[in-house]
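As a plain string of letters, each chain reads:
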Amino acid sequence: MAFNTHTAGPERGHVVGTSIALLVWVGTKAKAALKALQMARMLSTLSNLSDHQLAQISISRSEIPAYAEKLMADE
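Only a predicted model underlies this, so the values are computations on that prediction, with no experimental measurement involved. (Residues numbered from 1 in each chain as written. Predicted model: local features only at pLDDT ≥ 70, side-chain atom pairs only at ≥ 80, totals over all residues. Heavy atoms only, no water.)

A. Geometry of unusual backbone geometry. Unusually for a residue other than glycine, Ser 58 sits at a positive phi of about 65°. Mapped onto the elements, Ser 58 comes out in the loop between helix H2 (51–56) and helix H3 (64–74). (Helix = DSSP H or I, 4+ residues; strand = E, 2+ residues; numbered from the N terminus.)

In structure tokens:
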């Protein structure tokens, strides 16, 4: 079996490090996108409740964004 000198040495470490950094960046962006999607769905769901339903959970329509933020923070 031949030994490929292009895949060994400090260059490979740099490639691996760069690959890991890219995966971390992609993961961070994906997590942020998922959180934004969840927030949008939460706001939509709460906004579709009637005033009576909102009163049952002790919030007013103007409090929906703050309530959604609190629910997301508790997650």
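B. Just a nonpolar patch on the surface, in detail. Nonpolar side chains collect at one region of the surface, where Val 16, Ile 20 and Val 24 lie side by side and expose about 250 Å² of accessible area between them. According to the relative accessible area criterion, Val 16 is partly exposed, its value standing at 41%. (Patch = residues over 30% accessible without salt bridge, like charges linked within 9 Å, V, L, I, M, F, W, Y side chains within 5 Å. Areas by Shrake-Rupley, 256 points an atom, 1.4 Å probe, with all protein chains shown as cover. Salt bridge = Lys/Arg side-chain N within 4 Å of Asp/Glu carboxyl O. Buried < 20%, exposed > 50% of the residue type's maximum accessible area, 1.4 Å probe, protein only.)

C. Just the pattern of salt bridges, in detail. Taken as a whole and judged by the stated rule, the model has one salt bridge. In this structure, Asp 51 and Arg 61 form a salt bridge, with 2.8 Å as the shortest nitrogen-oxygen distance. Of this pair, Asp 51 sits in helix H2 while Arg 61 is found in the loop between H2 and H3, placing the two residues ten residues apart along the sequence. When its relative accessible area of 37% is taken as the criterion, Arg 61 is described as partly exposed.

Take it as geometry only, folks, not as evidence of what the structure does.
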